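Fold and geometry: a report
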Amino acid sequence: MCLKEKYLPVYQFSEKHTLKITARQADIMDAVLNFRLRDDWFFRYAIAVRELPLRLLKMRDTRPASSLQPFGMDNFTLLEKKGDRELIFGLAGKFWKADYGQRVITNGADFIAFSEAGTAKLVLSFTLNQLSETKSLLTTETRVFCPDKDALRSFTPYWYLIRPVSGLIRRRILTTIRRNAVRHISD
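Throughout what follows, the structure given in this document is the object of discussion. (Residues numbered from 1 in each chain as written. Predicted model: local features only at pLDDT ≥ 70, side-chain atom pairs only at ≥ 80, totals over all residues. Heavy atoms only, no water.)

For the rest of this paragraph, the subject is the overall build of the protein. Helix and strand counts for the protein stand at five helices and five strands. Sequence-ordered secondary structure for the protein, helices as α and strands as β, is α-β-α-α-β-β-α-β-β-α. Taken over 187 residues, the protein has a buried fraction of 45%. In the protein, 72% of the contacts between residues at least 6 apart in sequence involve partners at least 24 apart. Entry remark: accessible area of the protein is about 10,200 Å², with carbon and sulfur atoms responsible for 55%. (Helix = DSSP H or I, 4+ residues; strand = E, 2+ residues; numbered from the N terminus. Buried < 20%, exposed > 50% of the residue type's maximum accessible area, 1.4 Å probe, protein only. Contact = heavy atoms within 4.5 Å. Areas by Shrake-Rupley, 256 points an atom, 1.4 Å probe, with all protein chains shown as cover.)

What follows is the structure in structure tokens.
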């Protein structure tokens, strides 16, 4: 069973992107694990725009807005890794809220068991399929499950608003992973 089926077999929203990479599977998976969203200028800009309302609200509080950590891969929990072929990250929260309404997920069992009303669950998976001795197809898929009508009603407009930017970010992630995996060959 593939990991996304194990962790989120039922979902209402998904987005998938693929990219062929000429590199060893171990190098590709290493590049996936070491990827940091904050290294991409477009992602930093998109998140800054996304988080602007929260930062403006925090400026009114006693805590300075600069103390807020921007959203990134550190918000995700690595749920499971299957060798150099597959890995999956998870996240739970009210993503449509200014502060993401993120809930603490510490491991795969926590993610599977999590079921808070009005709160969505999201997985971000990376799967490698070997095409030849030196080439693999890297696929990333995002799935989102809304457990009830409240979560679905809140998440749906948010999904359609962020989906174009989210898709561009996923394609940029794949391109950066390819560049880093190929760079590993050159080193």
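A word on the pairing of strand S3 (residues 86-93). For S3, the buried fraction is high: eight of the eight residues fall into the buried class. Side chains Glu-86, Ile-88, Gly-90 and Ala-92 of S3 all project onto a buried face; the interleaved residues Leu-87, Phe-89, Leu-91 and Gly-93 project onto the opposite face, where all are buried too. Remark: three residues form the turn of the hairpin made by strand S2 (residues 77-82) and S3, two consecutive strands paired antiparallel; Gly-83 in that turn has positive phi of roughly 50 degrees. As defined by bridge partners, S3 adjoins strand S4 (residues 120-130) across eight bridges and the pair is classed as antiparallel. (Pairing = 2+ DSSP bridges.)

Judged by pairing direction, the sheet is antiparallel, and its five strands sit side by side in the order S1-S5-S4-S3-S2 without closing on themselves. Here the strands that pair on one side only, and so sit at the sheet edges, are strand S1 (13-22) and S2. Across the sheet, the axes of successive neighbouring strands diverge by a mean angle of 15 degrees, strand direction being ignored. (Axes fitted to C-alpha atoms, helices over the stretch in contact; angles between N-to-C directions.)

Among the structural elements, Glu-141 can be located in strand S5 (residues 135-145). Of the polar contacts made by the side chain of Glu-141, one reaches the side chain of Lys-4; its length is 2.8 Å. Beyond its immediate sequence surroundings of up to four residues, Glu-141 is in contact with Lys-4, Tyr-11, Ser-14, Glu-15, Lys-16, Val-123, Leu-124 and Ser-125. (Polar contact = N/O pair within 3.5 Å; in protein donor to acceptor, adjacent residues only side chain to side chain.)

Time to look at the nonpolar core. One finds Ile-28, Phe-126, Leu-138, Val-144, Phe-155 and Ile-177 to be the most contacted residues of the largest nonpolar core, which totals 33 residues. Within the residue set of this core, elements represented by two or more residues are S1, helix H2 (25-34), S3, S4, S5 and helix H5 (149-186). Residue contributions to this core peak at nine residues, all from H5. Core analysis: the next-biggest nonpolar cluster, separate from the first, contains 10 residues, Leu-3, Ile-88, Ile-105 and Phe-111 among them. (Core = buried A, V, L, I, M, F, W, Y, C linked by side-chain atoms within 4.5 Å.)

What follows deals with the packing of aromatic side chains. Using the criterion set out here, one finds 10 aromatic pairs in the structure. Between Phe-13 and Phe-155 the ring centres are 5.0 Å apart and the planes differ by 65 degrees, which places this aromatic pair in the edge-to-face class. Separated by 142 residues along the polypeptide, Phe-13 in strand S1 and Phe-155 in helix H5 bring together distant segments of the chain. With respect to class, Phe-13 is no different from Phe-155; both count as buried. By way of ring pairs, the aromatic residues Phe-13, Phe-95, Trp-96, Phe-155, Tyr-158, Trp-159 and Tyr-160 are connected into one cluster. Of note, Lys-121 hangs over the ring of Phe-111, and the distance from its end group to the ring centre comes to 4.7 Å. (Phe/Tyr/Trp six-rings, centres within 6.5 Å; stacked < 30°, edge-to-face > 60°. Lys NZ or Arg CZ within 6 Å of the ring centre and 35° of its normal.)

This brings us to the environment of Ile-173. Within the fold, Ile-173 resides in helix H5. For Ile-173 and His-17, which are 156 residues apart along the polypeptide, the C-alpha to C-alpha distance reads 10.0 Å. Setting aside residues up to four positions removed in sequence, Ile-173 forms contacts with Phe-35, Leu-37 and Phe-126.

A few words on the pairing of S4. S4 sits mainly inside the fold: nine of its 11 residues count as buried. Where S4 and S5 come together, 10 bridges link them in antiparallel fashion. Its bridge partner lying in S5, Leu-124 is registered against Thr-142. Between S4 and S5, which follow one another and run antiparallel, lie four residues.

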